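Fold and contact review
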Amino acid sequence: MHIAIAGNIGCGKTTLTKMLAKRYGWEARFEPVDVNPYLEDFYKDMARWSFNLQIYFLNKRFKDVVEISKATDRTIIQDRTIFEDARIFAPNLHEQGYMSDRDFENYTDLFDLMMSLVGLPDLMIYIRSTIPNLIAQISKRGREYEQSIRIDYLKGLNDRYEEWIKSYPGKLLIVDGDTLKFESNIADFQRITEQIDAMLYGLFPEE
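Heads up: these notes are all about the structure in this document. Remember, predicted model here, so these are calculated numbers, not experimental data.

Calculation rules
- Residues numbered from 1 in each chain as written.
- Predicted model: local features only at pLDDT ≥ 70, side-chain atom pairs only at ≥ 80, totals over all residues.
- Heavy atoms only, no water.
- Helix = DSSP H or I, 4+ residues; strand = E, 2+ residues; numbered from the N terminus.
- Rg over C-alpha atoms; globule rule 2.2 N^0.38 Å.
- Buried < 20%, exposed > 50% of the residue type's maximum accessible area, 1.4 Å probe, protein only.
- Pairing = 2+ DSSP bridges.
- Phe/Tyr/Trp six-rings, centres within 6.5 Å; stacked < 30°, edge-to-face > 60°.
- Core = buried A, V, L, I, M, F, W, Y, C linked by side-chain atoms within 4.5 Å.
- Contact = heavy atoms within 4.5 Å.
- Arc of directions from axis to C-beta.
- Axes fitted to C-alpha atoms, helices over the stretch in contact; angles between N-to-C directions.

Here's the deal with the overall build of the protein chain
- A tally of regular secondary structure across the protein chain gives eight helices and five strands.
- Reading the helices (α) and strands (β) of the protein chain from amino to carboxyl end gives β-α-β-α-α-β-α-α-β-α-α-β-α.
- Taking 207 residues into account, the globule formula puts the C-alpha radius of gyration at 17 Å, and the protein chain, at 17 Å, falls close to it.
- Its C-alpha atoms give the protein chain principal-axis dimensions of about 55 × 40 × 30 Å.
- Within the span of the protein chain, comprising 207 residues, buried residues form 48% of the whole.

Things to note about the pairing of strand β3 (residues 76-79)
- Every second residue of β3 is oriented toward a common face, with Ile-76 and Gln-78 on one face and Ile-77 and Asp-79 on the other, all of them buried.
- In this sheet, β3 lies alongside strand β1 (residues 2-7) in parallel orientation, the contact comprising four bridges. Along β3, the bridge assignment pairs Ile-3 with Ile-77.
- Of the pairings in the sheet, the one linking strand β2 (residues 27-29) to β3 comprises three bridges and is parallel in character.

Here's the deal with the packing of aromatic side chains
- Scanning all chains against the criterion turns up eleven aromatic pairs.
- Centroid distance Phe-83 to Tyr-168: 6.5 Å. Interplanar angle 80°. Geometry classified as edge-to-face. With Phe-83 in helix α4 (residues 82-95) and Tyr-168 in the loop between α7 (151-166) and β5 (172-176), the pair connects residues that are 85 residues apart, well separated along the chain.
- Since its relative accessible area comes to 9%, Tyr-168 is described here as buried.

Concerning the nonpolar core
- Core analysis: the largest hydrophobic core is formed by 60 residues, its most contacted members being Leu-20, Ile-125 and Ile-196.
- Here the element with the most residues in this core is α4; it accounts for seven residues.
- Setting aside residues up to four positions removed in sequence, Ile-125 forms contacts with Ile-3, Ala-4, Ile-5, Ala-6, Leu-16, Leu-20, Leu-173, Val-175 and Ile-196.

Some points on helix α6 (residues 131-141)
- Turning to α6, its buried residues number three or more, namely Ile-131, Asn-133, Leu-134 and Ile-138. Seen from one end, α6 has its buried residues packed into an arc of 160°, which puts them on one side. Opposite the buried face of α6, at more than 90 degrees from it, the exposed residues are Pro-132 and Lys-140.
- Looking at the buried positions of α6, the neighbouring elements they touch are α7.

Regarding the sheet that holds strand β4 (residues 123-128)
- Ordered in space as β2-β3-β1-β4-β5, the five strands form an open sheet in which the pairing is parallel. The open sheet has two edge strands with one neighbour each: β2 and β5. When the angles between neighbouring strand axes are averaged without regard to direction, this sheet yields 20°.
- Taken strand by strand, helix α1 (residues 13-24) contacts β1, β2, β3 and β4, and its axis lies near 170° from that of β3.

Spelled out as structure tokens, the structure:
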């Protein structure tokens, strides 16, 4: 089974992935942030490095999706999805002038080819969060390369997340990242797991 967690930078994807993996005994897959050789350069010069960064993410994420599709004997929960790269981040960079038409068309063609080979996750969990909450979380975790992220860049991402999630065709659970403090509040985390249980196993799962 494939569970995926989506959401903007700083919304709590990694935290929720770890908590759900521990709660259910699922295998966790995390996005390759700290080892990404382009990320620091990207935040310094987004126009120069946007295409390189997105291709790197797309390659890593596609490898994960292919491996997950073959893992039929276990449940894997994934921190960020291949859909976000192509439907959120790359279009946002293109719209804001950080990725050229040529690079964006090349990237989109590659993504479409990849997606013809894989299916949707069994459950997509989207953490919805407002810009003030995202900024607070980004500041709190203190990654140096993230401190230069522009607010208009975050807002552009948020707008695209909301547009994408409206038409997402698969099984979807939306978590309010502003009000559900799942990291520190056991009751809030339990509300999420109860919804997951209902969506994956039904209200009255077999013993």
